[in-house]
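Structural overview for review
Below, each chain spelled out in residue letters.
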Amino acid sequence: MSILFIEDEPKVATSLQKGLEENGFEVDLAPDGAVGRHMASQKAYDLILLDINLPFVNGYEVCRSIRSTNTEVPIIMVTARGTVDEKISGFDAGADDYMVKPFDFRELLARIRVFLKRGGGGKEMNEGLILRVADLELNTASQTVSRQGMPIVLTAKEYALLEFLVRSNGRVVTRAEITEKVWDVNFDTGTNVVDVYINFLRKKIDRNFEPKLIQTKQGVGYFLKPQ
Ligand code: CA
């Protein structure tokens, strides 16, 4: 299992590298955003750890750039910043998870293992499973989405949210349920990250199509059903 760690603080970089290597991972270090972006395009890493405040190219830019060609690789942002706005910017750039420094190394390890399990045996490989709601189609193996046969490009997080809604089968799911199932973490209370992501999805899934699929149950949550 190979991990790319893009981090400009040498002490943080080497201590984390050492810890991960002791746990059986191969870790390549990149000291700035430009080098990190280049390395990410040269090798198929199993996971990328990405600092936000980096020389030359910041973490958000690096993340967007990686996502433009690779929607699969899990990206965990590791940063000293920790506001909800910054988390949302990270997720918006295509990150899958977010850890605020200083953090417990064991927690990072646990989250890395969740992602690597998902990418490997966790997925319905082979032909995968096709999920359909009206003319919306999800392929759970390739994690690709189309409506009326037209491909729709989603970030990993947007896809996870959509698949969760589809699998809920028209049932109303609460924001709390969504943050727990889709983000795996309990967000700071009061965050509107779910609403922000529902808006991203609506733009991609519903704006140019009929019938509208993503419905709001006022004061409760969301559900997916043709209007
Ligand atoms: Ca930094």
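Here goes a summary of the coordinates provided. These figures come from a predicted structure and were not determined experimentally.

Cut-offs used in this document
Residues numbered from 1 in each chain as written. Predicted model: local features only at pLDDT ≥ 70, side-chain atom pairs only at ≥ 80, totals over all residues. Heavy atoms only, no water. Core = buried A, V, L, I, M, F, W, Y, C linked by side-chain atoms within 4.5 Å. Buried < 20%, exposed > 50% of the residue type's maximum accessible area, 1.4 Å probe, protein only. Helix = DSSP H or I, 4+ residues; strand = E, 2+ residues; numbered from the N terminus. Contact = heavy atoms within 4.5 Å. Expected span 1.5 Å × (residues − 1). Polar contact = N/O pair within 3.5 Å; in protein donor to acceptor, adjacent residues only side chain to side chain. Pairing = 2+ DSSP bridges. Donors = N, O, S within 2.8 Å, 3.2 Å for Na, K, Ca; no water. Axes fitted to C-alpha atoms, helices over the stretch in contact; angles between N-to-C directions. Salt bridge = Lys/Arg side-chain N within 4 Å of Asp/Glu carboxyl O.

**Quick word on the nonpolar core**
Soluble globular proteins tend to pack their nonpolar side chains together in the buried interior. Of all hydrophobic cores here, the largest spans 53 residues; its most connected members are Ile48 and Leu162. When residues of this core are assigned to their parent elements, the largest contribution, 8 residues, is made by helix α8 (residues 193-206). Residues contacting Leu162, with those up to four places away along its chain left out, are Leu136, Leu138, Val145, Leu154, Leu201, Ile205 and Leu224. Ranked by size, the runner-up nonpolar core spans 17 residues in total, among them Phe5, Ala13, Leu16 and Leu20.

**Quick look at helix α1 (residues 10-22)**
Compared with an ideal rise of 1.5 Å per residue, which puts 13 residues at 18 Å, α1 spans 18 Å between its outermost C-alpha atoms and is within 8% of the ideal. With its phi angle positive at about 90°, Gly24 sits one or two positions after the end of α1.

**Overview of the side chain of Arg67**
Within the secondary structure layout, Arg67 lies in helix α3 (residues 59-69). Judged by its relative accessible area of 9%, Arg67 is buried. A distance of 2.8 Å separates the side chain of Arg67 from the backbone oxygen of Gly94, its partner in a polar contact. Of the polar contacts made by the side chain of Arg67, one reaches the side chain of Asp96; its length is 2.8 Å. Beyond its immediate sequence surroundings of up to four residues, Arg67 is in contact with Glu72, Val73, Pro74, Ile75, Ala93, Gly94, Asp96 and Ala156.

**A closer look at the pairing of strand β12 (residues 221-224)**
Going residue by residue along β12, you find Gly221 and Phe223 tucked away on one face and Tyr222 and Leu224 tucked away on the opposite face as well. Bridging between strand β10 (residues 173-174) and β12 involves 2 bridges; their strand directions are antiparallel. By the bridge assignment for β12, Thr174 is matched with Gly221. As paired elements, strand β11 (residues 214-217) and β12 share 4 bridges and run antiparallel to each other. Paired with Ile214 across the two strands is Leu224, which belongs to β12. Connecting β11 to the next strand, β12, in antiparallel fashion are 3 residues, including Gly219 with a positive phi near 75°.

**Details of the coordination of the calcium ion**
Of the protein atoms, only Asp8 (OD), Asp51 (OD) and Asn53 (O) coordinate the calcium ion, at distances of 2.1 to 2.4 Å. Read in sequence order, the donor residues coordinating the calcium ion give the pattern D-x42-D-x1-N. Placement of Asp8 in the loop between β1 (2-6) and α1 and of Asn53 in the loop between β3 (47-50) and α3 is noted, with a sequence separation of 45 residues between them. A residue is classified by how much of its surface remains accessible, and Asn53, at 52% relative accessible area, is exposed.

**Concerning the sheet that holds strand β8 (residues 144-147)**
The 4 strands lie next to each other as β6-β7-β8-β9, forming an open sheet whose pairing is antiparallel. At either margin of the open sheet sits one strand with a lone partner, and together these are β6 (130-133) and β9 (150-152). Taken pair by pair, the neighbouring strands of this sheet meet at an average axis angle of 25°, ignoring direction. Pairing geometry for strand β7 (residues 136-139) and β8, over 4 bridges, is antiparallel. Paired with Asn139 across the bridge in β8 is Thr144.

**Let's talk about the pattern of salt bridges**
Here the structure, examined in full by the defined rule, presents 19 salt bridges. Here Glu26 ties to Lys43 by a salt bridge, and the two come within 3.9 Å at their closest N and O atoms. With Glu26 in strand β2 (residues 26-30) and Lys43 in the loop between α2 (33-42) and β3, the pair connects residues that are 17 residues apart, well separated along the chain. Among the salt bridges present, the one from Arg147 reaches Asp135, with a minimum N-O distance of 2.8 Å. With a gap of 12 residues between them, Arg147 in strand β8 and Asp135 in the loop between β6 and β7 connect regions that are remote in the sequence. When its relative accessible area of 0% is taken as the criterion, Arg147 is described as buried. Judged by relative accessible area, which is 26%, Asp135 ranks as partly exposed. Connected through salt bridges with shared partners, the residues Glu7, Glu9, Asp51 and Lys101 form a single ionic network.

**Quick look at the pairing of β8**
In this antiparallel pair of consecutive strands, β7 and β8, the connection spans 4 residues, and Gln143 shows a positive phi of 50°. By the bridge criterion, 3 bridges tie β8 to β9 in an arrangement that is antiparallel. Opposite Arg147, over in β9, you have Met150 as the bridge partner. The antiparallel hairpin formed by β8 and β9 contains 2 residues in its connecting segment, where Gln148 sits at a positive phi of about 50°.

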